[in-house]
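The lines below spell out each chain.
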Amino acid sequence: MNWNRSSDILTSNLFYNVYKENLNNIKPMKKILVANRGEIALRIMRTARKMGIKSVAVYSEADRNSCHVLFADEAVCLGPAPSAQSYLNADKIISFAKKLRVDGIHPGYGFLSENADFAQRVEEAGIIFIGPTAEAMRIMGSKLAAKECVKKYNIPMVPGIQEAITDIKLAKDVAKQIGYPVLIKASAGGGGKGMRIVEKEDELESQMERAISEAASSFGDGSVFIEKYISSPRHIEIQVLADKFGNTVHLFERECSIQRRYQKVIEEAPSSVLTPELRKKMGDAAVLVAKSCNYTSTGTVEFLVDDKLNFYFLEMNTRLQVEHPVTEMITGIDLVEEQIKIARGEKLSFTQDDLSINGHAIELRVYAEDSLNNFLPSIGTLNKYIKPKGENIRVDDGYEQGMAVPIYYDPLIAKLITRGNNRTDAIENMLQAIKEYKIEGVSTTLPFGTFVFEHDAFISGKFDTHFVKNYFTPEKIKEKQKEYAEIASLIALKYWMENKKILKPVENKSTSWKRRLAS
Ligand code: MV4
């Protein structure tokens with residue numbers, strides 16, 4: 001037996017868990033299966049290990065040598081690469097979970113994470129689903145059911161009709177009453193899919209018909225409803241945490257307005273538009289939304305905020321979100337640890353008053369996508385992969401140098417998160433971290449990040465969900481790269497003339513290039 005420090009801590013953790021379990025009727029959680037891949041699988045397993053819990057990885061044939069498989073204590077192959085035959089195969093996952101006698105299953109995000117039937121089947125198999133109840137997932141999985149459910153509280157909602165609508169005459173009356181433009185949304189839709197903006201009455205009928213048939217074919221549910229279209233909103237969501245004893249808190253907001261075609265690229269916390277009063281109002285509203293469906297575990301309540309700072313409840317996401325690290329960086333709370341504790345029956349160990357915002361955090365999603373070429377997935381091998389390190393830098397990734405980015409899944413390589421004592425410092429740290437992040441072999445969204453973090457609209461905080469559409473063109477990145485290359489060659493020439501030495505290529509901030517040029 002190797003009595004080094006880490007095994008000491010592991011052993012004492014195990015004993016402590018057993019002791020606590022007996023004391024407080026807490027269910028044993030000695031081994032969990034993580035039904036996911038990539039960075040999120042790894043991130044969940046790290047917390048499990050910290051808590052003295054063993055982890056089981058599941059993987060597809062494309063992920064045999066990936067980081068989450070190497071990290072796990074045990075690993076089982078689900079099948080061929082396509083998700084339908086691997087990470088979405090609920091039968092196989094549950095049967096492995098039983099065979100390996102795991103105590104809980106964590107679904108991560110995506111894949112089966114918001115599948116209420118999966119959650120129910122896991123519980124029926126006698127395994128703890130590390131997430132909300134199937135019932136809460138069912139309610140919040142339907143936008144109409146969600147609106148109906150929160151009606152009992154005074155939660156502000158976008159003006160519109162809160163039930164499925166098929167009658168065109170009624171639709172016209174509703175639209176006239178709320179005023180054009182209106183938005184048709186699919187009740188079962190998500191991520192902007194199935195949404196249609198209608199500018200005037202004579203487009204309403206045809207758009208309704210299309211929306212209904214699209215919703216029916218994509219989601220198996222043709223219910224649509226109509227809302228007032230909020231033209232330039234900010235997307236602000238509140239993180240909530242609820243235990244099984246009715247204790248519900250919020251962990252403040254994340255601003256997710258920098259998106260591209262409903263795909264979030266940059267998130268930050270806190271938002272630069274919320275006042276302490278509005279933050280409290282939205283936080284309280286989010287807690288009520290959670291309470292309305294007896295929510296447990298982590299969840300996110302999505303709001304739109306308009307230019308007059310009115311806020312409207314949109315929907316609730318019943319999973320651990322991709323962007324949860326920005327909340328962790330400003331609150332110091334490990335959300336996965338809380339999920340696991342809640343799942344095994346512990347009470348929250350803090351109250352709302354114990355929580356506060358410490359500094360500012362920003363996340364850039366580093367996708368294997370070519371921002372110069374319409375963000376097309378860029379497949380290939382990470383020939384060079386060196387990540388930035390530092391006190392206020394966190395990289396959640398699932399790759400190492402030499403690994404290939406598979407074509408079968410979301411092309412997220414990593415999430416780069418930086419913190420600062422204020423927003424300016426967090427942005428500065430982000431720009432520095434992007435520079436230190438060396439990725440070769442695939443194109444990434446790192447240069448896109450630099451574009452955003454150097455943009456006046458972002459720096460001033462005066463932006464909305466149309467930022468990318470309004471300001472971004474690939475030429476902007478190309479111009480910058482050309483400018484850098486020109487400055488670099490000028491500097492090299494200057495040094496060569498002065499010292500008859502060729503300067504080693506250095507990459508540096510544009511401002512310091514200019515400073516050096518001026519000197
Ligand atoms: C809206 C809206 C404007 N008005 N609802 C898009 C994703 C989905 N969760 C809700 N979405 C929107 N709903 C009304 N009544 C504008 C959007 C929207 C949006 C929302 C959040 C982030 C980015 C967005 C980009 C375009 C549209």
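All values reported here derive from a predicted model rather than from experimental measurement. (Residues numbered from 1 in each chain as written. Predicted model: local features only at pLDDT ≥ 70, side-chain atom pairs only at ≥ 80, totals over all residues. Heavy atoms only, no water.)

This part is about unusual backbone geometry. The omega torsion across Tyr180 and Pro181 is 0°, close enough to zero to call that bond cis. Checked against the element boundaries, Pro181 lands in the loop between helix H8 (168–178) and strand S6 (182–186). Here the amide bond leading from Ala269 into Pro270 is cis, since omega sits at -5°, within 30 degrees of zero. Phi at Tyr262 takes a positive value of approximately 65°, unusual for a residue other than glycine. (Helix = DSSP H or I, 4+ residues; strand = E, 2+ residues; numbered from the N terminus.)

A few words on the site of the ligand. Around the ligand, a shell composed of 17 residues is seen, among which Lys185, Glu227, Lys228, Ile230 and His235 lie nearest. Take Ile230: an N or O atom from its main chain is 2.9 Å from a nitrogen atom of the ligand. One nitrogen or oxygen atom from the side chain of Glu315 is found 3.2 Å from a nitrogen atom belonging to the ligand. When the free accessible area of the ligand is taken as 510 Å², the share hidden by the protein chains comes to 94%. Breaking the shell around the ligand down by element, the ones donating at least two residues are S6, strand S8 (224–228), strand S12 (297–305) and strand S13 (311–317). Looking at the shell around the ligand residue by residue, the class counts come to 8 nonpolar, 4 polar and 5 charged. (Near = heavy atom within 4 Å. Polar contact = N/O pair within 3.5 Å; in protein donor to acceptor, adjacent residues only side chain to side chain. Areas by Shrake-Rupley, 256 points an atom, 1.4 Å probe, with all protein chains shown as cover. Nonpolar A, V, L, I, M, F, W, Y, C, P; charged D, E, K, R; others polar.)

In this fold, Glu369 is placed in strand S15 (residues 369–370). One buried charged residue, Glu369, forms no salt bridge at all, with the nearest opposite charge on Arg260 at 5.3 Å. Non-local contacts of Glu369, meaning those with residues more than four positions away in its chain, are made with Phe375, Leu376, Pro377, Ser378, Pro411, Ser443, Thr444 and Thr445. (Buried < 20%, exposed > 50% of the residue type's maximum accessible area, 1.4 Å probe, protein only. Lys, Arg positive; Asp, Glu negative; His and termini not counted. Salt bridge = Lys/Arg side-chain N within 4 Å of Asp/Glu carboxyl O. Contact = heavy atoms within 4.5 Å.)

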